[in-house]
Amino acid sequence: MTTSIAGRLSRRLALALSFSTLMGSAALAEGETIAVITPYLSQPGTQFYVEAFEARAKELGWQVNVIDTAGDVAAVIARMEDAATQGVDAIVLNVDPAQVGAGLDAAVAADIPVFGMDAGADPRIKANITSNGYAMAAETSVYVANRIGGAGNVVMFVFDAFPPVQVRGAIADAVFANHPDITVLDRVTPDVSDGGIADSRAKMEAILAANPEPGSIKAVWAAWDQPALGALQAIEAAGREGEGIVITGIDANPQAREAIAKGGNFEASIAQDFAGIGTTTADTVARVLAGETLKANVIYVPTKLVTSANAAE
């Protein structure tokens, strides 16, 4: 009986201590000031996870300052240095860490933790929260290879300047190279300053004009949805949608889902959980600010293949 009472008291004490620790962590995280810095706010995906981050931050009682450098990657460094000088509690980045080393150094010198929100890995970043770009690219490039029977010319739209997108192109390169009868006709890097659709359309129009024969282009693989949509517009404007050119993207943004649901050339994309990325980033920031040491510096949020069968879901 004495042992039983002692056991119950011990469990109650443990629960009380756990509750006290939890409340202490929550109190520590409340009222923090977080700087979110990105040059890519014109991209739908970035908009979605920034909004989700802000929503979760509001629940946590944080003040969030979203800084958009409007495509100017170099300006990110200056904004990081400003944030370090202002003494924010954390910085969240959506940019290639290799391009903003001086900004990371400024944050480290000020003892401010930095987090990646669909960014890239770097020893100075506590964790990068993202989708698994390797898996997404493998799924869509294999989809293309299977749809065209492992043979034909493929146009690729890539963006190697941004790590989460660069890895997608690298995996697609490997998949297509593994099919000796697939030829990468062109590997295009579009201008993304206006989102990427307009320049992708212009570049695809030029490729179509240079390859006018029906069947000369079997597929368009895009590392994200904006170039896929631009390519779709070019194909339709050229009156070549009847050739069965297969188009795939990654992100499954609303415009892409609408195009896929129609059952035309744009056949598949990968739905990233943008809200999940934003929310998980905020929760990861909270964990670190509460004193937790993270075991992994990359945290993947699950994805899903979207085709005409489930595009309307």
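Note that the structure is predicted; figures quoted are calculated from it, not measured.

**Quick notes on the side chain of Gln-272**
Link 1 in the chain: In this structure, Gln-272 sits in strand 10 (residues 266–272).
Link 2 in the chain: Within the structure, Gln-272 has its side chain in polar contact with the side chain of Asp-251 (distance 2.4 Å).
Link 3 in the chain: Sequence-distant contacts of Gln-272, defined by excluding residues within four places in its chain, comprise Ser-131, Met-136, Arg-168, Ile-250, Asp-251, Ile-277 and Thr-303.

**Observations regarding empty space enclosed by the protein**
Link 1 in the chain: The final tally for this structure, using the stated rule, is 1 cavity of 30 Å³ or more.
Link 2 in the chain: Reported here for the largest cavity is a volume of approximately 240 Å³.
Link 3 in the chain: For the lining of the largest cavity, the secondary structure elements donating two or more residues are helix 2 (44–59) and helix 6 (163–177).
Link 4 in the chain: The element contributing the most residues to the lining of the largest cavity is helix 2, with 4 residues.
Link 5 in the chain: Across the lining of the largest cavity, the residue classes tally to 9 nonpolar, 7 polar and 3 charged.

**A look at the sheet that holds strand 5 (residues 127–130)**
Link 1 in the chain: Sheet architecture is open: 6 strands sit in the order 2-1-3-4-5-11, paired in parallel fashion. Each edge of the sheet is formed by a strand with only one pairing partner; in this case those strands are strand 2 (63–68) and strand 11 (298–300). Across the sheet, the mean angle separating the axes of adjacent strands is 20 degrees when strand polarity is ignored.
Link 2 in the chain: In this structure, strand 1 (residues 33–38) lies alongside strand 3 (residues 90–93), joined through 4 bridges in parallel fashion. Paired with Ala-35 across the strands is Ile-91, a residue of strand 3.
Link 3 in the chain: Along the sheet, helix 2 makes contact with strand 1, strand 2, strand 3 and strand 4 (114–117), crossing strand 2 at roughly 165 degrees.

**Concerning helix 10 (residues 274–289)**
Link 1 in the chain: Taking 1.5 Å of rise per residue, the 16 residues of helix 10 would be expected to cover 22 Å, and the 23 Å separating its terminal C-alpha atoms lies within 8% of that figure.
Link 2 in the chain: All buried positions along helix 10 are accounted for by Phe-274, Gly-276, Ile-277, Gly-278, Thr-281, Ala-282, Thr-284, Val-285, Ala-286, Val-288 and Leu-289.
Link 3 in the chain: Looking one or two residues past helix 10, Gly-291 carries a phi angle of roughly 105 degrees, positive in sign.

**Quick notes on the confidence of the model for the protein chain**
Link 1 in the chain: Chain-level statistics for the protein chain give a pLDDT mean of 90 and a share of 90% at 70 or above.
Link 2 in the chain: A low-confidence stretch, residues 1–29 stays under pLDDT 50, and its non-local contacts, those more than four residues away or across chains, total 5 contacts.

**Concerning the pattern of salt bridges**
Link 1 in the chain: Applying the stated criterion across every chain, the model contains 13 salt bridges.
Link 2 in the chain: Here Lys-203 ties to Asp-199 by a salt bridge, and the two come within 2.6 Å at their closest N and O atoms. Here Lys-203 pairs with Asp-199, and both are found in helix 7 (residues 197–210), just 4 residues apart, close to one helical turn.
Link 3 in the chain: The exposure class of Asp-199 is buried, given its relative accessible area of 19%.
Link 4 in the chain: Note that Arg-240 and Glu-243 form a salt bridge whose closest N and O atoms lie 2.7 Å from each other.
Link 5 in the chain: For Arg-240, a relative accessible area of 8% translates into the label buried.
Link 6 in the chain: The exposure class assigned to Glu-243 is partly exposed, which follows from its relative accessible area of 26%.
Link 7 in the chain: Three or more residues are tied together by salt bridges with common partners; here these are Arg-56, Glu-59 and Asp-283.

About the cut-offs
- Residues numbered from 1 in each chain as written.
- Predicted model: local features only at pLDDT ≥ 70, side-chain atom pairs only at ≥ 80, totals over all residues.
- Heavy atoms only, no water.
- Helix = DSSP H or I, 4+ residues; strand = E, 2+ residues; numbered from the N terminus.
- Polar contact = N/O pair within 3.5 Å; in protein donor to acceptor, adjacent residues only side chain to side chain.
- Contact = heavy atoms within 4.5 Å.
- 1 Å grid on protein atoms, 1.4 Å probe; cavity = no way out; pocket = protein on both sides within 12 Å on 5 of 7 lines; lining within 4 Å.
- Points joined across faces, edges and corners; volume = space filled by probe spheres on them.
- Nonpolar A, V, L, I, M, F, W, Y, C, P; charged D, E, K, R; others polar.
- Pairing = 2+ DSSP bridges.
- Axes fitted to C-alpha atoms, helices over the stretch in contact; angles between N-to-C directions.
- Expected span 1.5 Å × (residues − 1).
- Buried < 20%, exposed > 50% of the residue type's maximum accessible area, 1.4 Å probe, protein only.
- pLDDT = per-residue confidence, 0-100.
- Salt bridge = Lys/Arg side-chain N within 4 Å of Asp/Glu carboxyl O.

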